[in-house]
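Coordinate analysis (summary)
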Amino acid sequence: MSIEGRVAGLVAVVTGAASGLGLATAMRLSEEGATVFVTDIDAPGARAAADMIGPSAQARILDVRREDDWAGLMSAVESVAGRLDILVNNAGLLRAGTIESCTLDDFRLQNAVMSEGVFLGCKHAMPLMARQGGGSIVNISSTAALQGFSAVLAYSAAKGAVRSMTKAIATHCLERNYGIRCNAVLPGHIHTNLHGETATPEQVERREHSWKPLPNGAFGSARDVAEMVLYLASPESRYVTAGEFVIDNAVTMMPARISAPTI
Ligand SMILES: NC(=O)c1ccc[n+]([C@@H]2O[C@H](COP(=O)([O-])OP(=O)(O)OC[C@H]3O[C@@H](n4cnc5c(N)ncnc54)[C@H](O)[C@@H]3O)[C@@H](O)[C@H]2O)c1
């Protein structure tokens with residue numbers, strides 16, 4: 001275990017950590033001294049990610065929709081590491097669909113992963129964190145929760161739930177004096193596999209072009225988000241809870257110049 005770093009000696013669980021924001025976050029936490037449980041529904045992906053990160057990481061299979069998976073993970077974390085300091089609820093997926101075209105199955109799938117999954121993660125991490133006197137939960141929402149993109153109705157709904165659930169959990173922990181902080185991160189458009197299913201290369205090109213006026217471009221990197229998660233996970237943010245942190249290069253603030261995605 002590293003004895004130096006911004007989260008040195010702390011123990012973290014990151015969901016959806018086989019790729020994208022979750023992988024970048026697991027890597028940053030590990031670089032700064034944390035022991036990281038790299039969890040994902042994608043078993044080979046989780047193992048490859050843990051191998052890449054090194055000995056401070058270990059892979060666990062976790063479908064965030066399954067309560068028994070969460071219970072098993074928490075038992076394993078407690079018996080292997082003895083504590084849990086950081087939970088990053090990151091797992092997600094995107095299915096395009098408007099209020100007219102989105103099926104009930106697609107609505108339920110996205111809300112099961114991104115709303116119920118966050119609910120279950122917070123619920124199962126809380127007893128362990130409360131018992132040891134504190135911890136930090138970081139929930140990955142999205143600017144879709146602020147803007148309500150018409151083309152991704154169910155995704156927007158799930159991310160809105162994450163935003164409000166985060167505040168309810170944070171205030172509950174304050175009322176109970178658990179010492180657990182809970183914050184939400186709202187990324188804009190970040191280069192990952194998430195958009196693979198819904199955006200054609202032409203759509204990505206069009207979006208990049210329409211956002212050209214912005215310095216630094218339309219898409220951020222996974223690392224941009226990981227740096228914010230690291231701050232919220234670390235003791236540096238000890239006075240920060242029930243917050244929401246937008247990482248979008250001001251795209252949300254400039255609706256007249258930038259239209260919502262048409263995918
Ligand atoms: N990329 C963006 O532009 C963007 C913007 C805002 C928010 N987000 C959010 O960031 C999070 C990470 O997305 P990403 O962009 O890195 O995408 P990604 O597709 O690269 O990673 C998502 C990961 O979640 C895993 N996953 C999916 N369903 C799961 C389940 N039921 N249980 C456990 N793991 C599951 C996948 O296997 C994958 O490894 C998501 O919550 C996403 O909504 C992404």
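For the structure itself, look to the data block above.
Keep in mind the model is a prediction, meaning the values are calculated, not measured.

Let us look at the pattern of salt bridges. When their charged atoms lie close together, side chains carrying opposite charge are able to pair. Counted under the stated rule, the structure contains 13 salt bridges. Between D69 and R66 there is a salt bridge, with the nearest N and O atoms lying 3.6 Å from each other. Of the residues examined, D69 reaches a relative accessible area of 22% and is grouped as partly exposed. A single network of salt bridges, built from pairs that share partners, joins R28, E31, E32, R223 and E227.

All right, on to the site of the ligand then. The ligand sits among 30 residues. The nearest are S19, D40, N90, Y155 and T192. Here D40 contributes a side-chain N or O atom positioned 2.6 Å from an oxygen atom of the ligand. Within the backbone of G188, a nitrogen or oxygen atom sits 3.3 Å from an oxygen atom of the ligand. In isolation the ligand has 830 Å² of accessible area, and contact with the protein removes 93% of it.

Taken in spatial order, the seven strands line up as β3-β2-β1-β4-β5-β6-β7 in an open sheet, and their pairing is parallel. Since the sheet does not close on itself, it has two edges, and those belong to β3 (57–61) and β7 (244–247), each with one partner. For this sheet the average axis-to-axis angle between neighbouring strands, irrespective of direction, equals 20°. Pairing of strand β4 (residues 86–89) with strand β5 (residues 135–140), which is carried by four bridges, proceeds in the parallel orientation. Paired with V88 across the bridge in β5 is V138. Its contacts with the sheet put helix α3 (residues 67–81) on β1 (11–14), β2 (35–40), β3 and β4, and the angle it makes with β3 is roughly 155°. Sitting on the sheet, helix α6 (residues 153–175) is in contact with β5, β6 (180–187) and β7, with an inclination near 160° to β6.

A rise of 1.5 Å per residue sets the reference length of helix α8 (residues 222–233), with its 12 residues, at 16 Å; its end C-alpha atoms lie 16 Å apart and thus fit the reference within 8%. The complete set of buried residues in α8 reads A222, V225, A226, V229, L230, L232 and A233. Buried positions in α8, seen along its axis, are confined to an arc of 165° and lie on one side of it. Structurally, α8 contributes buried residues whose contacts are with α1 (20–31), β4, β5, β6 and β7.

Here we come to the state of the cysteines. As enumerated under the stated definition, the model contains zero disulfides in all. No disulfide involves C173; its sulfur sits 6.8 Å from that of C182, the nearest cysteine. Judged by its relative accessible area of 2%, C173 is buried.

Reading the values: rules and limits
- Residues numbered from 1 in each chain as written.
- Predicted model: local features only at pLDDT ≥ 70, side-chain atom pairs only at ≥ 80, totals over all residues.
- Heavy atoms only, no water.
- Salt bridge = Lys/Arg side-chain N within 4 Å of Asp/Glu carboxyl O.
- Buried < 20%, exposed > 50% of the residue type's maximum accessible area, 1.4 Å probe, protein only.
- Near = heavy atom within 4 Å.
- Polar contact = N/O pair within 3.5 Å; in protein donor to acceptor, adjacent residues only side chain to side chain.
- Areas by Shrake-Rupley, 256 points an atom, 1.4 Å probe, with all protein chains shown as cover.
- Pairing = 2+ DSSP bridges.
- Helix = DSSP H or I, 4+ residues; strand = E, 2+ residues; numbered from the N terminus.
- Axes fitted to C-alpha atoms, helices over the stretch in contact; angles between N-to-C directions.
- Contact = heavy atoms within 4.5 Å.
- Expected span 1.5 Å × (residues − 1).
- Arc of directions from axis to C-beta.
- Disulfide = S-S within 2.5 Å.

This is a description of form; function is not addressed.
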